[in-house]
Amino acid sequence: MEDELSPARPAEEGVPEETPDLAQIEPAHILANDARDELRAQGFTDEQIHKWAETYVAEQGGTADIDRFLDWIAAQ
């Protein structure tokens, strides 16, 4: 995983923001909550964290561990 991530919304990094299906909303919120401390430490706002988590779950489906989520953000 990258040591530093750039705080931004997905759209600001060229990643189209997506809203997950209704069934994916809760997994996106859980993922955002699980990654919140690490992302806040890197300067992300709660809104940015939620948008990244929603977009990740909408694109990747289901739930994921925090490291995969953070690696995905870094790759974007």
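Residues numbered from 1 in each chain as written. Predicted model: local features only at pLDDT ≥ 70, side-chain atom pairs only at ≥ 80, totals over all residues. Heavy atoms only, no water.

1. So, a negative patch on the surface
Inference 1: A cluster of acidic side chains, namely Asp 37, Glu 38, Asp 65, Asp 67 and Asp 71, defines a negative patch on the protein surface.
Inference 2: Broken down by secondary-structure element, the contributors of at least two residues to the negative patch are helix H1 (22-41) and helix H3 (66-75).
Inference 3: By the secondary structure assignment, Asp 65 is in the loop between helix H2 (46-60) and H3.
Inference 4: Residue Asp 65 is classed as partly exposed on the basis of its relative accessible area of 42%. (Patch = residues over 30% accessible without salt bridge, like charges linked within 9 Å, V, L, I, M, F, W, Y side chains within 5 Å. Areas by Shrake-Rupley, 256 points an atom, 1.4 Å probe, with all protein chains shown as cover. Salt bridge = Lys/Arg side-chain N within 4 Å of Asp/Glu carboxyl O. Lys, Arg positive; Asp, Glu negative; His and termini not counted. Charge placed at Lys NZ, Arg CZ, Asp CG, Glu CD. Helix = DSSP H or I, 4+ residues; strand = E, 2+ residues; numbered from the N terminus. Buried < 20%, exposed > 50% of the residue type's maximum accessible area, 1.4 Å probe, protein only.)

2. Some words on the pattern of salt bridges
Inference 1: For the structure on display, the rule yields 2 salt bridges.
Inference 2: Note that Arg 36 and Asp 46 form a salt bridge whose closest N and O atoms lie 2.9 Å from each other. With Arg 36 in helix H1 and Asp 46 in helix H2, this residue pair connects regions lying 10 residues apart in the sequence.
Inference 3: Several salt bridges share partner residues, and in doing so they unite Arg 36, Arg 40 and Asp 46 into one network.

3. Some details on the packing of H1 against H3
For any two helices packed against each other, the geometry is given by the interaxial angle and the distance between the axes.
Inference 1: Orientation of H1 relative to H3, taken along the N-to-C sense of each, is 65°, at an axis distance of 10 Å. Relative to H3, the element H1 lies roughly perpendicular. The chirality of how H1 crosses H3 is right-handed. In contact with Leu 31, Asp 34, Ala 35, Glu 38 and Leu 39 of H1, H3 contributes Ile 66, Phe 69, Leu 70 and Ile 73.
Inference 2: Classifying every residue of the contact of H1 with H3 gives 7 nonpolar, no polar and 2 charged. (Axes fitted to C-alpha atoms, helices over the stretch in contact; angles between N-to-C directions. Parallel < 35°, antiparallel > 145°, perpendicular 65-115°, else oblique. Left-handed = near helix turned anticlockwise from the far one by under 90°. Contact = heavy atoms within 4.5 Å. Nonpolar A, V, L, I, M, F, W, Y, C, P; charged D, E, K, R; others polar.)

4. Notes on the nonpolar core
Inference 1: With 17 residues, the main nonpolar core has Leu 39, Phe 44, Trp 52, Phe 69 and Ile 73 as its most contacted residues.
Inference 2: Looking at this core, the elements that each hand over two or more residues are H1, H2 and H3.
Inference 3: When residues no more than four places from it in sequence are discounted, the contact partners of Ile 73 are Leu 5, Leu 39, Phe 44 and Trp 52. (Core = buried A, V, L, I, M, F, W, Y, C linked by side-chain atoms within 4.5 Å.)

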